[in-house]
Amino acid sequence: MTIRQTANCAFGVARLAFDAAAAVLSVAVAVPVAFVAGEARTMAHTARGDITPAPENSDREHVHDLGTVVELS
């Protein structure tokens, strides 16, 4: 290989490493920001009273451990 090919390969590897680092950093920042935004929105709805309590389960429904509701006939 010539010096030019070696330099091009090294530049390509460095660019891929930079792209990977940028992707990891964006995920590391985006996840906590989304969580904080969701929590802030929930707290704002709670403060305004927009969230109503869930209706009581009727006698015809049974909630499984996984949270799914099965109607009993």
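This is a predicted model, so every value here is computed, not measured.

1. A look at the overall build of the protein chain
Okay, so step 1: For the protein chain, the helix and strand inventory stands at 1 helix and 2 strands.
Okay, so step 2: In the protein chain, the succession of α and β elements from N to C terminus is α-β-β.
Okay, so step 3: Counting all 73 residues of the protein chain, 0% fall into the buried class.
Okay, so step 4: Carbon and sulfur atoms make up 66% of the accessible area of the protein chain, which totals about 6,800 Å².

2. With respect to the UniProt feature "transmembrane region" (unreviewed entry) in the protein chain
Okay, so step 1: UniProt annotation of "transmembrane region" (unreviewed entry) refers to residues 20-38 when read in the numbering used here.
Okay, so step 2: The span residues 20-38 shows a helical share of 100% and a strand share of 0%, and its end C-alpha atoms are spaced 27 Å apart.

3. Overview of helix H1 (residues 3-48)
Okay, so step 1: A rise of 1.5 Å per residue sets the reference length of H1, with its 46 residues, at 68 Å; its end C-alpha atoms lie 67 Å apart and thus fit the reference within 8%.
Okay, so step 2: Gly-49, located one to two residues past H1, shows a positive phi value of around 85°.

4. Remarks on the environment of Thr-46
Okay, so step 1: Here Thr-46 shows up in helix H1.
Okay, so step 2: What makes Thr-46 exposed here is its relative accessible area of 51%.
Okay, so step 3: Polar contacts involving the side chain of Thr-46 include one to the main-chain carbonyl oxygen of Thr-42, which spans 2.8 Å.

5. Comments concerning a nonpolar patch on the surface
Okay, so step 1: Taken together, the side chains of Leu-25, Val-29 and Val-33 present a nonpolar region at the surface, about 280 Å² in accessible area.
Okay, so step 2: Mapped onto the secondary structure, Leu-25 falls in helix H1.
Okay, so step 3: With relative accessibility at 55%, the residue Leu-25 sits in the exposed group.

Basis of the calculations
- Residues numbered from 1 in each chain as written.
- Predicted model: local features only at pLDDT ≥ 70, side-chain atom pairs only at ≥ 80, totals over all residues.
- Heavy atoms only, no water.
- Helix = DSSP H or I, 4+ residues; strand = E, 2+ residues; numbered from the N terminus.
- Buried < 20%, exposed > 50% of the residue type's maximum accessible area, 1.4 Å probe, protein only.
- Areas by Shrake-Rupley, 256 points an atom, 1.4 Å probe, with all protein chains shown as cover.
- UniProt positions renumbered as here; feature names shortened; annotations may be inferred.
- Expected span 1.5 Å × (residues − 1).
- Polar contact = N/O pair within 3.5 Å; in protein donor to acceptor, adjacent residues only side chain to side chain.
- Patch = residues over 30% accessible without salt bridge, like charges linked within 9 Å, V, L, I, M, F, W, Y side chains within 5 Å.
- Salt bridge = Lys/Arg side-chain N within 4 Å of Asp/Glu carboxyl O.

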